[in-house]
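This is what each chain is made of:
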Amino acid sequence: MPISDIERAVESSSQKLLQMSVPPVKYWLLRQVLDKDEKDPAVQHAFDGANSYPPKLKLLKRMKPDGTWPISSEERLAEKAGPGQPVGFTYRTMLWNLFTLSEYKAKRSEGFIDASLEKILGWQEEEGFIPGPWTNVFPVPYYNGYALYLMTRFGLQKDERVKKLSDWLLSIQRHDGGWNKPFIMDLHYTPEYKAMRMRDFMEFVGKRGWRSFDLSGLTQYPSCAYTTMIVTWGLMQQGKLASTVAVHRGAEFFLDRFFKRNPHPSYYMSEDHWTSLKYPYRFGSGLMALDILTELGYGPGDARMDRPVKWLLGARQADGMWSQSDRPHPERDQWITLIALRTLHRYSRMA
């Protein structure tokens, strides 16, 4: 693919997005795509706008002093009927809202963000993982990768608890370079247990305790593409880890499986999910994969990147934007377009 085609698309769409974007999108566009210095007046103006951006202020205002957000009465009842926090809707709501605040350029000192991060770390188990939010039967690498990303985004990368979390994730990387969601699925698909219904299997593991099982030799079931994506996303933010073999093995895992069916029923099995443009990041996608890969340095020198990049460029609409659906959503589509542009910009600069 001619790099000049990518550069022209980035230039044209960037100028359009610049004229219409909300302050936080404009800030990241100026910094990550147009390569403006932090002291540039336009960047400073966008930063000031992001600080006073009404959706950000509303999200901060709704925070409780303990770092949580209100959830619906139905969700509260369901949470109380279970084992309680961090299993339930409270923790999930915290993760999603903290991510949004990080995109809005919120600082740890604002509102009760620090209390929220401390609450999450307060749930950390001795092994290093954070339990929940959908089960306490076993730890879920996906959500731990997400939490790790947020801790670093808010400046806690030097905290020993955060290092302990990243060490735990590294310790459960599988033979194929990826991670499973949940990684105990390796056990479920062995001949001894594969005939059990998932509900019965979960109950069995819950009674016996996941720590009593040895998963080290279980390699017959492949890792989950989207779990691997999220864990890699979290680990690569940890300074020197971005250049490690472990992180690049994770990246290679989902790069080699781009456009392919995901074997795990818990997360989007269809090949179509790769080409689904969604924001905010939740469960991985082709757009997220390319964003991660280009940040790690995968570019035109790797032939495996050619087809995915062609897809991304081809997903650009006639108006120069990338959109989640045929029914435009003003802010969401701006974020999707921003991610597409910074991905293509990084890729073209590596030519």
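Scoring rules and cut-offs
Residues numbered from 1 in each chain as written. Predicted model: local features only at pLDDT ≥ 70, side-chain atom pairs only at ≥ 80, totals over all residues. Heavy atoms only, no water. Helix = DSSP H or I, 4+ residues; strand = E, 2+ residues; numbered from the N terminus. Buried < 20%, exposed > 50% of the residue type's maximum accessible area, 1.4 Å probe, protein only. Contact = heavy atoms within 4.5 Å. Salt bridge = Lys/Arg side-chain N within 4 Å of Asp/Glu carboxyl O.

On to the overall build of the chain, then. For the chain, the helix and strand inventory stands at 16 helices and zero strands. Across its three principal directions, the C-alpha atoms of the chain cover 60 × 50 × 40 Å. Sorting the 351 residues of the chain into buried and exposed places 54% on the buried side. Long-range pairs, those at least 24 residues apart, make up 71% of the contacts in the chain with a sequence separation of at least 6.

As a further point, take unusual backbone geometry. Look at the link from Gln85 to Pro86: it is a cis peptide, with omega at 5 degrees. Mapped onto the secondary structure, Pro86 falls in the loop between helix H5 (73-81) and helix H6 (89-103). Of note, the bond from Gly132 into Pro133 is cis; its omega dihedral lies within 30 degrees of zero at 0 degrees. Within the secondary structure, Pro133 sits in the loop between helix H7 (113-122) and helix H8 (141-153). One non-glycine residue, Lys105, lies in positive phi territory at about 70 degrees. As for its placement among the helices and strands, Lys105 is situated in the loop between H6 and H7.

What follows concerns the pattern of salt bridges. Close approach of charged atoms lets side chains of opposite charge pair. A complete count under the given rule lists 25 salt bridges for this structure. Residue Asp319 is joined to Lys16 by a salt bridge in which the shortest nitrogen-to-oxygen separation is 3.9 Å. Of the two residues, Asp319 sits in the loop between helix H15 (306-314) and helix H16 (330-349) while Lys16 sits in helix H1 (residues 3-20), which places them 303 residues apart along the sequence. Two residues, Asp159 and Arg161, come together in a salt bridge whose shortest N-O distance is 2.8 Å. A network of salt bridges, in which partner residues are shared, links Glu252, Asp256, Asp302 and Arg304.

Geometry only, nothing functional implied.
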